[in-house]
Amino acid sequence: MNVLVVGGAGYIGSHMVQALLDAGHAPVTYDSLVTGHRDAVVGGAFVQGEMADAVALDAVLRAHAIDAVMHFASFIQVGESVQDPGKYYRNNLGCTLQLLDGMLRAGIRRFIFSSTAAIFGEPEYVPIDEKHPQRPINAYGASKQMVERILGDYDRAYGLRSVCLRYFNAAGAHPRGHIGERHEPETHLIPVLLQVAAGRRAHASIFGRDYDTPDGTCVRDYIHVLDLCQAHLCALEWLQRDGPSAAFNLGNGNGFSVLEVIRAVERVTGCALTIMDAPRRAGDPARLVADSRRIRCELGWTPRFTAIDTIVRDAWNFERRRTPP
Ligand code: UDP
């Protein structure tokens with residue numbers, strides 16, 4: 001299939017391009033390169049363009065005879081979304097709506113959406129299944145929830161079928177080490193810790209030790225980026241076989257606290273990290289752990305890289321290949 005990968009030069013998008021090529025599909029990356037990297041796009045066609053540029057998007061959708069669209073181009077920082085919600089609603093909601101309208105104009109009706117565990121807010125129970133109430137506590141989660149709602153309406157009204165994949169914490173890198181996580185500035189826990197191990201950063205901070213969790217630090221479900229891409233391939237097949245629109249929670253089902261992740265990074269890298277305590281970060285729930293039984297059952301997805309040490313090892317392999325700043 002010809003698959004438009006919006007945000008294909010970013011962290012998850014670049015791994016998706018590789019996974020599509022490996023599976024025999026033809027990816028077309030559309031990316032503004034504001035946060036993405038041209039050299040992370042390992043193959044397929046590449047078009048530089050803004051999400052907000054409807055004319056350019058229309059041209060790409062038609063020129064490449066696109067069969068399906070995967071959308072990875074969104075802002076993802078929970079804390080920032082609390083400080084500057086407008087940025088999140090304009091991009092994650094407004095631009096996505098424009099993309100969907102462009103798809104309808106071009107007659108494309110298969111869409112895979114990168115949603116998030118943040119749509120659930122502070123969990124009432126864990127692991128979180130698809131029936132869990134949705135009460136996002138930050139603009140990031142709210143913007144994604146609104147797109148999910150729009151997708152339901154667009155299916156009913158226009159026949160645009162979609163699969164929403166609610167990522168828990170994407171982490172790791174391609175085991176070959178040629179692509180990985182490169183946010184600037186980096187805010188995510190594992191790459192931040194690895195930068196400390198690599199000597200690129202003086203210390204890392206623990207955002208809050210007074211959560212209602214076994215060791216007081218936040219618990220998250222880290223999922224290897226390759227397993228996440230595999231779920232997208234399952235979703236693509238599902239839409240190709242005319243499966244109905246669906247939404248799935250996507251994680252390993254294992255929660256690790258910030259302190260446990262720090263210990264895993266110390267084990268894998270062999271470095272003792274300099275760690276400081278810091279206040280809680282706005283918009284962070286105490287525990288987010290996925291119940292992913294539904295996607296395993298319905299799409300036949302099985303994660304392969306579930307051990308936290310494997311996830312950290314692959315991320316470390318990528319970090320070590322990077323040139324120091
Ligand atoms: N975190 C931390 N220090 C950091 C970065 C993150 O303590 O330098 C914590 C953060 O509060 C959260 C967890 O690590 O509980 C994962 O955060 P990350 O930003 O990696 O992903 P998010 O959960 O925001 O998607």
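Reading guide: rules and limits
Residues numbered from 1 in each chain as written. Predicted model: local features only at pLDDT ≥ 70, side-chain atom pairs only at ≥ 80, totals over all residues. Heavy atoms only, no water. Near = heavy atom within 4 Å. Polar contact = N/O pair within 3.5 Å; in protein donor to acceptor, adjacent residues only side chain to side chain. Areas by Shrake-Rupley, 256 points an atom, 1.4 Å probe, with all protein chains shown as cover. Helix = DSSP H or I, 4+ residues; strand = E, 2+ residues; numbered from the N terminus. Nonpolar A, V, L, I, M, F, W, Y, C, P; charged D, E, K, R; others polar. Buried < 20%, exposed > 50% of the residue type's maximum accessible area, 1.4 Å probe, protein only. Contact = heavy atoms within 4.5 Å. Disulfide = S-S within 2.5 Å.

1. Considering the site of the ligand
Reasoning step 1: Around the ligand, the structure places 15 residues, and the nearest of them are Leu189, Ser205, Phe207, Arg281 and Asp284.
Reasoning step 2: In this structure, Asp284 approaches the ligand through a side-chain N or O atom, which is 2.5 Å from an oxygen atom.
Reasoning step 3: Here the ligand has 510 Å² of accessible area as a free molecule, and 91% of this is covered by the chains.
Reasoning step 4: When contributions to the shell around the ligand are tallied by element, the ones reaching two or more residues are helix 6 (189-197) and strand 8 (204-207).
Reasoning step 5: A per-element tally of the shell around the ligand places strand 8 first, with three residues.
Reasoning step 6: Split by residue class, the shell around the ligand holds eight nonpolar, four polar and three charged.

2. Details of the environment of Val5
Reasoning step 1: Tracing the backbone through its elements, the reader meets Val5 in strand 1 (residues 2-6).
Reasoning step 2: With a relative accessible area of 0%, Val5 lands in the buried category.
Reasoning step 3: Separated by 271 residues in the primary sequence, Val5 and Met276 place their C-alpha atoms 38 Å from one another.
Reasoning step 4: When sequence neighbours within four positions are dropped, the list of residues in contact with Val5 reads Gly13, Val17, Leu20, Pro27, Val28, Thr29, Tyr30, Met70 and Phe72.

3. Section: the side chain of Asn252
Reasoning step 1: Within the secondary structure, Asn252 sits in the loop between strand 11 (246-250) and strand 12 (256-257).
Reasoning step 2: Taking the relative accessible area as the measure of exposure, Asn252 reaches 9% and is therefore buried.
Reasoning step 3: The contacts of Asn252, once residues within four sequence positions are left out, are Asp221, Tyr222, Ile223, His224, Arg296, Pro303, Phe305, Thr306 and Ile311.

4. Notes on the state of the cysteines
Reasoning step 1: Tallied over the full model, the rule gives zero disulfides.
Reasoning step 2: We note that Cys164 lacks a disulfide partner, and the nearest cysteine sulfur, in Cys234, lies 16 Å from it.

5. Some points on the environment of Ala307
Reasoning step 1: The topology assignment puts Ala307 in the loop between helix 9 (293-299) and helix 10 (308-321).
Reasoning step 2: When the C-alpha atoms of Ala307 and Ile223 are compared, they prove to be 9.1 Å apart, with 84 residues separating the residues in sequence.

6. Regarding unusual backbone geometry
Reasoning step 1: Val126 connects to Pro127 through a cis peptide bond whose omega is -5 degrees.
Reasoning step 2: Its location among the elements puts Pro127 in the loop between strand 5 (110-116) and helix 5 (139-158).
Reasoning step 3: With an omega of 0 degrees, the peptide bond running from Glu184 to Pro185 counts as cis.
Reasoning step 4: Tracing the backbone shows Pro185 in the loop between strand 7 (169-171) and helix 6.
Reasoning step 5: With a phi close to 45 degrees, Ala65 is a non-glycine residue in the positive phi region.
Reasoning step 6: Structurally, the position occupied by Ala65 is in the loop between helix 2 (54-63) and strand 4 (68-71).
Reasoning step 7: For Ala65, a relative accessible area of 46% translates into the label partly exposed.
Reasoning step 8: Non-glycine residue Asp242 carries a positive phi angle of around 65 degrees.
Reasoning step 9: Take Asp242: it is sitting in the loop between helix 7 (225-240) and strand 11.
Reasoning step 10: Classification of Asp242 by relative accessible area gives exposed; the value is 57%.

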